[in-house]
Amino acid sequence: MNGVAGIRQVTVVGAGIIGASWTALFLAKGFSVAITDTNPEAESKVKRFVEEAWPALTVLGLAPGAAPDKLRFDLDLASACDGADFVQENATERELLKVALFAEIDSAVRRDVLIASSSSALTVTTMQRECRHPERVVLGHPFNPPHLMPLVEIVGGEQTSAGALDRAETFYAALGKTPVRLAKEVYGHIANRLQGAVFREAVSLLDKGVASLADIDRAMTDGPGLRWALMGPFLTYHLAGGEGGMGAFMKQFALTQTELWKDLGEPVIDERLQRVVTEAMEHESGGRSISDFSADRDRRILALLTSRDASERATQAQP
Ligand SMILES: NC(=O)c1ccc[n+]([C@@H]2O[C@H](COP(=O)([O-])OP(=O)(O)OC[C@H]3O[C@@H](n4cnc5c(N)ncnc54)[C@H](O)[C@@H]3O)[C@@H](O)[C@H]2O)c1
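Structural notes, computed from the coordinates. (Residues numbered from 1 in each chain as written. Predicted model: local features only at pLDDT ≥ 70, side-chain atom pairs only at ≥ 80, totals over all residues. Heavy atoms only, no water.)

Attention shifts here to the overall build of the chain. Within the chain, the secondary structure is distributed over 13 helices and 8 strands. The C-alpha atoms of the chain give 21 Å as radius of gyration, which agrees with the globular expectation for 319 residues (20 Å, within 12%). Along the three orthogonal principal directions, the C-alpha set of the chain runs to about 60 × 55 × 40 Å. The buried share of the chain, taken over its 319 residues, is 40%. Contacts in the chain between residues far apart in sequence, at least 24 positions, make up 69% of those at least 6 positions apart. For the chain, the accessible area works out to roughly 17700 Å², and carbon and sulfur atoms hold 57% of it. Of the charged side chains in the chain, 33 are positive and 42 negative, and the gap between their average positions amounts to 4 Å. (Helix = DSSP H or I, 4+ residues; strand = E, 2+ residues; numbered from the N terminus. Rg over C-alpha atoms; globule rule 2.2 N^0.38 Å. Buried < 20%, exposed > 50% of the residue type's maximum accessible area, 1.4 Å probe, protein only. Contact = heavy atoms within 4.5 Å. Areas by Shrake-Rupley, 256 points an atom, 1.4 Å probe, with all protein chains shown as cover. Lys, Arg positive; Asp, Glu negative; His and termini not counted. Charge placed at Lys NZ, Arg CZ, Asp CG, Glu CD.)

Set out below in structure tokens:
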């Protein structure tokens, strides 16, 4: 794929977990990628990541001309930005670092180049505040790992132009991502807030001794989680209302939901609770390594994505 929304070359800033995964995706879509990181060890890590991700990306479909070696690592930010048509920033999540970094990227690229941040919680309004051309700074928040997970959340800051947001949406959609536009900035965007709400209750249930960590996880994966991969919380409850849909659900369950919401936990993650959760997780994982879990997760995400695509095609083909 070349020349999507005028974009041919992508620069990735920050080559950690997220930067490496975005890099694999951009390469699979046929772009040339320059990647920069302050840590020289990042070069070999990102190359290894791309190599390991390539079989899954091949299953999902490579663009003509896509090649893992269209990758250039550069310790120097300005030269990594040379020739960039799009920048995806994924540096360490620290406000002052990002504010300075955005000013640096801003002065290193042409004024029409979109600069997208993967930040999980910082606002674009903050990150763009020292840029000379802040109108092209957007949020492009992925879900880990971005080379597999379709979601990317897009929102602008106070100084972002509507045109920049449209271009970002077009670009990500052309990559096969699922862009979701936020109408306003909010801490943690959408998906992390939803996850946060569930995680808060999971931690609270564990801390109250309601069930083991494994059983709480299983109650999610074999319960709501399975449906939520196909339809969100609203559509799920629209169906729970029977023929009357959401209106009937609201009438029938408004009281129960109110009682439930009042009863949800509000745990404080102090040192004691951190220890409780960490020890329970260590007990459950039984010494299995993170890389083993991650490889297993990615294999299953790939299987789910391909079967979901196939079932969507089958539904569309029905008369
Ligand atoms: N980890 C996740 O699940 C996840 C998911 C979505 C979004 N994010 C966001 O992505 C961003 C990166 O997170 P991560 O988990 O990949 O972190 P990470 O710690 O794995 O990687 C950050 C990288 O940035 C590099 N770095 C620091 N300062 C830099 C600079 N000035 N210039 C270039 N590189 C620099 C570090 O050396 C490191 O390699 C954060 O903003 C985070 O909020 C993370």
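Once the structure has been displayed, the description carries forward.
A few words on the packing of aromatic side chains. Centre-to-centre distance and the angle between the planes together describe a pair of aromatic rings. Evaluated as defined, the whole model comprises 10 aromatic pairs. Seen in terms of ring centroids, Phe86 and Tyr172 are 5.8 Å apart; in terms of plane orientation they differ by 90°. Their pairing is edge-to-face. In this pair, Phe86 sits in strand β4 (residues 86-89) while Tyr172 sits in helix α6 (residues 162-174), placing the two residues 86 residues apart along the sequence. Each member of the aromatic cluster is reached from another via a ring pair, and the members are Trp22, Phe26, Phe31, Phe86, Phe171 and Tyr172. (Phe/Tyr/Trp six-rings, centres within 6.5 Å; stacked < 30°, edge-to-face > 60°.)

The next subject is the nonpolar core. Counting residues in hydrophobic clusters, the biggest one holds 36 residues, and the most contacted among them are Val10, Phe26, Phe31, Phe86, Phe171 and Tyr172. When contributions to this core are tallied by element, the ones reaching two or more residues are β1 (9-13), α1 (17-28), β2 (32-36), α2 (42-60), β3 (71-73), β5 (114-117), β7 (151-156) and α6. With 7 residues, the top contributor of residues to this core is α1. Ignoring sequence-local partners within four residues, the contact set of Val10 consists of Phe26, Phe31, Ser32, Val33, Ala34, Phe86 and Phe171. Counting 20 residues, the second-largest nonpolar core is a separate cluster that includes Val13, Cys81, Ala84 and Ile105. (Core = buried A, V, L, I, M, F, W, Y, C linked by side-chain atoms within 4.5 Å.)

On to the pairing of β2, then. In terms of burial, β2 is largely enclosed, as 4 of its 5 residues are buried. Sheet analysis places β1 next to β2, joined by 5 bridges and oriented parallel. Bridge pairing links Val12 to Ile35 in β2. Between β1 and its parallel partner β2, the chain crosses via α1, and the hand of that crossover is right-handed. Here 3 bridges tie β2 to β3, and the two strands are oriented parallel to one another. Paired with Ala34 across the bridge in β3 is Arg72. Taking the sense of rotation as the criterion, the β-α-β connection linking β2, α2 and β3 turns out right-handed. (Pairing = 2+ DSSP bridges. Right-handed = clockwise from strand over helix to strand, strands pointing away.)

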